[in-house]
Amino acid sequence: MPIYTKFLENQFGPFNLGPILVALKFGPVKVRSTKENRSNNVFFEAYKRRNNHQHIEVPAIFEDPNSLKQVPCPHIVDPATKYISLIIPAFNEQHRLPGALDETMNYLQQRTLKDSSFTYEVVIIDDGSTDETKRVAFEFVRKYTVDKVRVILLGRNHGKGEAIRKGMLHSRGELLLMLDADGATKVTDLEKLENQIHAVAKSEYHQGDSSNSDPRFRISDVPVAVFGSRAHLEEKALATRKWYRNFLMKGFHLVVLLASGPGILLPQCGFKMFTRAAARKLFSNVRLKRWCFDVELVFLCKRFKIPISEVSVNWSEIPGSKVNLLSIPNMLWELVLMSVGYRTGMWRISNST
Ligand SMILES: Nc1nc2c(ncn2[C@@H]2O[C@H](COP(=O)(O)OP(=O)(O)O)[C@@H](O)[C@H]2O)c(=O)[nH]1
Ligand SMILES: [Mg+2]
């Protein structure tokens, strides 16, 4: 075997490098079979996304709809200036968003009344909705001011994962919570995740002793993730959910088990909380843009040794889900992409932040 093909095999590991090796040996070849074509596409796409985690686009700008002034955009590497950020991905959510957001804002205001040190922001990310989502979201900005509610417009559709990534990268909280625009999980449940994240962070900081108090301890500096879990509701949910949702759920569970080892039961619950330090590491690396980005998050947590806990939350199936049968091939594609990206070394994990 020529030395360069041996070198490539060493670099990229035991993967199906058939098309590349053939091309190197015999020069460019006409791709004949669709199977070869597909594997070429995976390599090409994984290669294209190798720098995708780097934040190279022009800085995002928030617009204040009251004054039409542009508000400078914060970045996850900056120190936190709020206690908590709520990140809401919203795609064609003109009907489901207003109710969920009203409930969320009422809760957040109540907490501020009780505790003046509780500061918050809500970041809504709309990536090319074709309905009135943008108008609905800006109405909330007008009502609550751009300091409390912000909208990031990504122009065209990228997917839930990418929307959340952008929201996380431009938020100001010590704690960052992602939640769905349909209010599937009651916002009050964030307290369960919050208590858990505080307990784990303290215990990590004091190496096992969470009762210890140290004035230098800052929650934002200790990388911790807490995932809302609906595992306790699974039996009932299985009976009521569409068959392909159950199929996806089980398939996902198996894939996560294979990709990341045992531990996490149902990573795709849309209610997850991260400390700022964890979000910085995770969202500056995550490359999947659609439904499987949760699996990549679990994988990255394991690589960074970020502790993940699961906390049971309430959850209701809200009509109008965007997951459908067509999501299945996309999920499989993303999983293959992730596997190729990391296992070939094309997707490097950056720990520079
Ligand atoms: N920005 C953005 N959000 C999305 C996209 N796809 C789904 N979402 C959001 O992800 C959340 C969960 O979506 P949903 O359809 O309810 O999924 P399900 O609850 O898993 O069935 C909602 O807030 C959606 O608006 C997308 O392509 N872009
Ligand atoms: Mg939903």
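Up top you'll find the structure we're talking about.
Fair warning: this is a prediction, and the values are worked out from it, not measured in the lab.

Conventions we followed
- Residues numbered from 1 in each chain as written.
- Chains lettered and ligands numbered in written order.
- Predicted model: local features only at pLDDT ≥ 70, side-chain atom pairs only at ≥ 80, totals over all residues.
- Pairing = 2+ DSSP bridges.
- Helix = DSSP H or I, 4+ residues; strand = E, 2+ residues; numbered from the N terminus.
- Axes fitted to C-alpha atoms, helices over the stretch in contact; angles between N-to-C directions.
- Contact = placed C-beta atoms within 7 Å.
- Near = placed C-beta within 6 Å.
- Nonpolar A, V, L, I, M, F, W, Y, C, P; charged D, E, K, R; others polar.
- Core = buried A, V, L, I, M, F, W, Y, C linked by C-beta atoms within 7 Å.
- Buried ≥ 20, exposed ≤ 12 C-beta atoms within 10 Å, placed from the backbone.
- Right-handed = clockwise from strand over helix to strand, strands pointing away.

A few points about the sheet that holds strand β6 (residues 173–178)
Sheet architecture is open: seven strands sit in the order β5-β4-β3-β6-β8-β7-β9, paired in mixed fashion. Where the open sheet ends on each side, the last strands, each with one partner, are β5 (149–153) and β9 (308–312). The sheet shows a mean angle of 20° between the axes of neighbouring strands, direction not considered. Here strand β7 (residues 225–229) pairs with β9 via five bridges, running parallel. Along β9, the bridge assignment pairs Ser 229 with Ser 312. The sheet strands contacting helix α6 (residues 160–169) are β3 (82–90), β4 (120–126), β5 and β6, and the helix crosses β3 at an angle near 155°.

Section: the site of ligand 1
What surrounds ligand 1 is a group of 18 residues, the closest being Pro 89, Ala 163, Ala 181, Ser 321 and Lys 322. Of all elements in the fold, only β3 and α6 reach the threshold of two or more residues within the shell around ligand 1. Among the residues making up the shell around ligand 1, the classes are represented as eight nonpolar, four polar and six charged.

Concerning the nonpolar core
Ile 87, Ile 88, Ala 137, Leu 177, Ala 225 and Leu 282 are the most contacted members of the largest nonpolar core, which totals 80 residues. Sorting elements by how many residues they give to this core places helix α11 (residues 293–304) first, with seven residues. Setting aside residues no more than four positions away along its own chain, Ala 137 makes contact with Ala 90, Leu 97, Ile 124, Asp 126 and Val 151.

Concerning the pairing of β3
Counting buried residues along β3, eight of its nine residues qualify, which places the element largely inside the surrounding structure. Across five bridges, β3 lies against β6 in parallel orientation. Across the sheet, Ile 87 pairs through a bridge with Met 178, a residue of β6. In this sheet, β4 lies alongside β3 in parallel orientation, the contact comprising seven bridges. Its bridge partner lying in β4, Leu 86 is registered against Val 122. Regarding the hand of the β-α-β motif, the stretch spanning β3, helix α4 (residues 97–114) and β4 is right-handed.

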